[in-house]
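# Chain and residue survey
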Amino acid sequence: MICIPVIDETVSDAINSAKEALKYGDIVEFRVDLLNDVTFEDIEEFSKIPSIITIRAEWEGGAWKKSNEERIELLKHAIKNNAKFIDIELKEEKNLELVKYRNEIGSTTKIIVSYHDFEKTPGIDKLIDVVEKELKIGDIAKFATFAHSKEDTLKILNLMNKYSGKIIAIGMGESGKLTRVLGLNFGSILTFASMEGKASAPGQVDVKKLKEILKLID
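### As for the overall build of the protein chain
Within the protein chain, the regular secondary structure consists of eight helices and nine strands. Its C-alpha radius of gyration of 16 Å places the protein chain within 12% of the 17 Å reference for a compact globule of 218 residues. When the backbone C-alpha atoms are referred to their principal axes, the protein chain occupies close to 45 × 35 × 30 Å. Looking at the 218 residues of the protein chain, the share that counts as buried comes to 54%. Taking as baseline every contact in the protein chain between residues at least 6 positions apart, the subset at least 24 positions apart corresponds to 64%. Accessible surface, the protein chain: about 10,200 Å² in total, of which carbon and sulfur atoms supply 49%.

### A word on unusual backbone geometry
One non-glycine residue, Asn 82, lies in positive phi territory at about 55°. Along the chain, Asn 82 falls in the loop between helix 3 (68-80) and strand 4 (85-89). Since its relative accessible area comes to 36%, Asn 82 is described here as partly exposed.

### Comments concerning the nonpolar core
Among the nonpolar cores identified, the biggest contains 53 residues, and Phe 30, Val 32, Phe 46 and Phe 143 are the most heavily contacted of them. Apart from residues no more than four positions distant in its own chain, Val 32 is found in contact with Val 38, Ile 43, Phe 46, Ile 53, Thr 54 and Ile 55. Ile 27, Ala 144, Ile 170 and Phe 192 belong to the second largest nonpolar core, which has 13 residues in total.

### A closer look at the pattern of salt bridges
Tallied over the full model, the rule gives 17 salt bridges. Residues Lys 66 and Asp 37 are paired through a salt bridge, measuring 3.5 Å at the closest nitrogen-oxygen approach. Of this pair, Lys 66 sits in the loop between strand 3 (51-54) and helix 3 while Asp 37 sits in the loop between strand 2 (27-31) and helix 2 (40-47), and the two are 29 residues apart along the sequence. Residue class for Lys 66 comes out partly exposed when judged on its relative accessible area of 39%. One network of salt bridges, with partners in common, ties together Arg 56, Arg 71, Asp 87, Glu 89, Glu 92 and Lys 142.

### Some remarks on the side chain of Thr 191
Position of Thr 191 relative to the elements: it lies in strand 8 (residues 191-194). What makes Thr 191 buried here is its relative accessible area of 5%. A polar contact of 2.7 Å, which involves the side chain of Thr 191, links it to the backbone oxygen of Arg 180. Discounting chain neighbours no more than four positions away, the residues touching Thr 191 are Met 1, Ile 2, Cys 3, Arg 180, Leu 184 and Leu 210.

### Some points on the environment of Ile 217
Mapping Ile 217 onto the fold places it in helix 8 (residues 207-217). Separated by 91 residues in the primary sequence, Ile 217 and Lys 126 place their C-alpha atoms 31 Å from one another. Sequence-distant contacts of Ile 217, defined by excluding residues within four places in its chain, comprise Val 181, Leu 182 and Asn 185.

Quick notes on the rules
- Residues numbered from 1 in each chain as written.
- Predicted model: local features only at pLDDT ≥ 70, side-chain atom pairs only at ≥ 80, totals over all residues.
- Heavy atoms only, no water.
- Helix = DSSP H or I, 4+ residues; strand = E, 2+ residues; numbered from the N terminus.
- Rg over C-alpha atoms; globule rule 2.2 N^0.38 Å.
- Buried < 20%, exposed > 50% of the residue type's maximum accessible area, 1.4 Å probe, protein only.
- Contact = heavy atoms within 4.5 Å.
- Areas by Shrake-Rupley, 256 points an atom, 1.4 Å probe, with all protein chains shown as cover.
- Core = buried A, V, L, I, M, F, W, Y, C linked by side-chain atoms within 4.5 Å.
- Salt bridge = Lys/Arg side-chain N within 4 Å of Asp/Glu carboxyl O.
- Polar contact = N/O pair within 3.5 Å; in protein donor to acceptor, adjacent residues only side chain to side chain.

What follows is the structure, encoded as C-alpha cells:
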C-alpha cells in the first residue's frame, strides 16, 4: 500500500486533501495533531475514509499539546467507529488500554505501534527489541529512524525482511529514501509518499514519482 499523509490545519481542508490523495494512493494518514481543532464528529468522518488516524504526541515529535486524556478519548472514538488503522506510540502508557478497548467492543481497527528516532538509526539489537515490544502490544510494528548512511539503510531493510507483513519501517532523510522505494518489496505493509509540496517527514518521496519508480522495479 501507498499511504499519503494529510497535514492540513483545518478539517475541511484535510477531507478535501484526502479525497485528492486517494486518487494516487491506497490510504491516507490523518495527522490529527496538526489540526487547529478536532471534534468526535470529525473523527467519525475520518474513520469513513481508508486511513490511519494519528494523533502524535509532542513528546514523540508530534504537535499535540492538549491533554493526553483527550488524545486517548479521540483514539477510542476512532476505534469505536472502526477506523482502518490508528497509530499509537510505543512510549504511550495507555496503549494497552486502547488495545483492551478495541478487543472489548469487537472493533475491526488495526493498531500500529510506533517508535521514532529523529537523530539516528540505532543498532540492530535495539531495533529488534523495539519491534518485538511493539508486536506484543499491537498488530503492526512501526519504526522511523534517521538514516545517515548505506549501513543504516541496510539495517532497516533487513528488519523489514525479518518481520515481513508485520512491519512498517522507514529511514528518514536523504540516505533513507531507498527504504521508502524498496519497502514494499522487502515486506513493509505500506510506504509513505507525499502529495507535491506536502511532505510530513524528511526524505518523503512525491507519490507520482514513487509510482513511476515502482513500475520500473516491479
